[in-house]
Amino acid sequence: MNEARVGLVIEDDQDIRELVRAVLTQAGFDVSVAASGTEGVLAARSLNPDVITLDLGLPDIDGFEVSRQIREFSDAYIVMLTARAEELDTLIGLESGADDYLTKPFRPRELRARIAAMMRRPRSGPDQVEDAPALEQPGDPGTGHYTHNGLDLTYASRSVTVDGEELNLTRTEFELLYALLEAGRTVRTKSDLVRRLRDEDYDVGSYISEADERSVEVHMGNLRKKLGDSPQRPRWLQTVRGVGYRLAPAER
Ligand code: CA
């Protein structure tokens, strides 16, 4: 048996807190709860959770700030729960380091599906990096190891280096980068990438909203910042206006 995965619910509304706790418990998590932002950051530090659900409107510090603080030490999958369907809030939430969002009221099975998709991905961290299997041939497709313009990505250890320097990416950022490296010069549309993050096939016909597509733009912006990549003269992430993204050409 694997050790139980740890979930943390940061939410001041007791009804919602108990609902989310029940959803995560059913999904097999050991769940802790926190009713304020400060308590939530402390709990995240001591519990090292795999998944965090984060309310935006907390009594002390808001969810954006909580997310920023947690991101300084944790790569947990953070789902923001927002009371309003306001796109602006959602996008600021993602800029502050959250992976995904759901607007209240949400369907428990939707939360379960999002978490299940993300948990299928490997997690980074010093332990996992040390335990990584021997590297495959650099750049050999299909092995989960890619090199491109000084960037080196290994899926198994979930590690990324740029010019030899290790980068700290969230699961979402890592997955997006991996999707582009995998596709090479083929354009990945924003809705492709949303489905990729939700672990859905291309043809399931699920509805992808404009806000979902905008969320990919925000994650790409965060990724670009961490890579130190330029939108005008990209080394890696090339925007194809109105469509999506693809890998920038190889440097000569
Ligand atoms: Ca609240």
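Anything mentioned here points back to the structure above.
Numbers given to residues run from 1 along each chain, matching the order in which its sequence is written. In view of the model being predicted, local features appear only for residues whose pLDDT reaches at least 70, and side-chain atom pairs are presented and counted only at 80 or more, with totals across whole chains, interfaces and linings using the full set of residues. Side-chain measures were taken over the full set of non-hydrogen atoms in the model, leaving aside hydrogen atoms and water.

Caption draft 1: Structural context of the coordination of the calcium ion. Nitrogen, oxygen and sulfur within 2.8 Å of a metal are treated as its donors, or within 3.2 Å for sodium, potassium and calcium (Na, K, Ca); water is not counted, so a site can appear incomplete. Distances from the calcium ion to its protein donors, namely Asp-12 (OD), Asp-55 (OD) and Gly-57 (O), fall within the range 2.1 to 2.4 Å. Along the chain, the residues donating to the calcium ion fall in the pattern D-x42-D-x1-G. Of this pair, Asp-12 sits in the loop between strand 1 (5-10) and helix 1 (14-26) while Gly-57 sits in the loop between strand 3 (51-55) and helix 3 (63-71); the two residues are 45 residues apart in sequence, bridging distant segments of the chain. Burial classification: accessible surface area is computed with a 1.4 Å probe over protein chains only, and a residue below 20% of its type maximum counts as buried, one above 50% as exposed, and the rest as partly exposed. Relative accessible area serves as the criterion here: at 34%, Asp-12 is assigned to the partly exposed category. Overall, the relative accessible area of 47% leaves Gly-57 in the partly exposed class. Strands here mean DSSP runs of E at least two residues long; helices mean DSSP runs of H or I at least four residues long; both are numbered from the N terminus.

Caption draft 2: Examining the side chain of Glu-173 more closely. Here Glu-173 shows up in helix 7 (residues 171-183). A distance of 2.8 Å separates polar atoms of two side chains, one belonging to Glu-173 and the other to Lys-226. Residue contacts follow a heavy-atom distance rule, with two residues in contact if any of their heavy atoms lie within 4.5 Å. Apart from the residues lying within four places of it in its own chain, the contact partners of Glu-173 are Asn-168, His-219, Asn-222, Leu-223 and Lys-226. Counted as a polar contact is a pair of N or O atoms within 3.5 Å, where, for protein atoms, one must be capable of donating a hydrogen and the other of accepting one, and residues adjacent in sequence contribute only when both atoms are in side chains.

Caption draft 3: Local environment of the sheet that holds strand 12 (residues 244-247). The sheet built from three strands is open, its strands ordered 10-12-11 with antiparallel pairing. A single partner strand is all that each edge strand has here, and the edge strands are strand 10 (188-189) and strand 11 (237-240). By definition, two strands form a pair when at least two bridges between them are found by DSSP. Direction of pairing for strand 11 relative to strand 12: antiparallel, over a ladder of four bridges. The residue of strand 12 that forms the bridge with Gln-238 is Arg-246.

Caption draft 4: Structural detail: the sheet that holds strand 1. The parallel open sheet is built from five strands, whose spatial order is 2-1-3-4-5. In the strand order of this sheet, the two ends are held by strand 2 (29-34) and strand 5 (100-103), each with one partner. The mean inter-strand angle of the sheet, taken between neighbouring strand axes irrespective of direction, is 20 degrees. Pairing between strand 3 and strand 4 (residues 77-82): five bridges, direction parallel. Across the sheet, the residue bridging to Thr-53 is Val-79, located in strand 4. Packed on one face of the sheet, helix 2 (residues 37-47) meets strand 1, strand 2 and strand 3 and runs near 170 degrees to strand 1. In this analysis, axes come from line fits to C-alpha atoms, helices being fitted only over the stretch in contact, and the angle between any two N-to-C directions falls in the range 0 to 180 degrees.

Take it as geometry only, folks, not as evidence of what the structure does.
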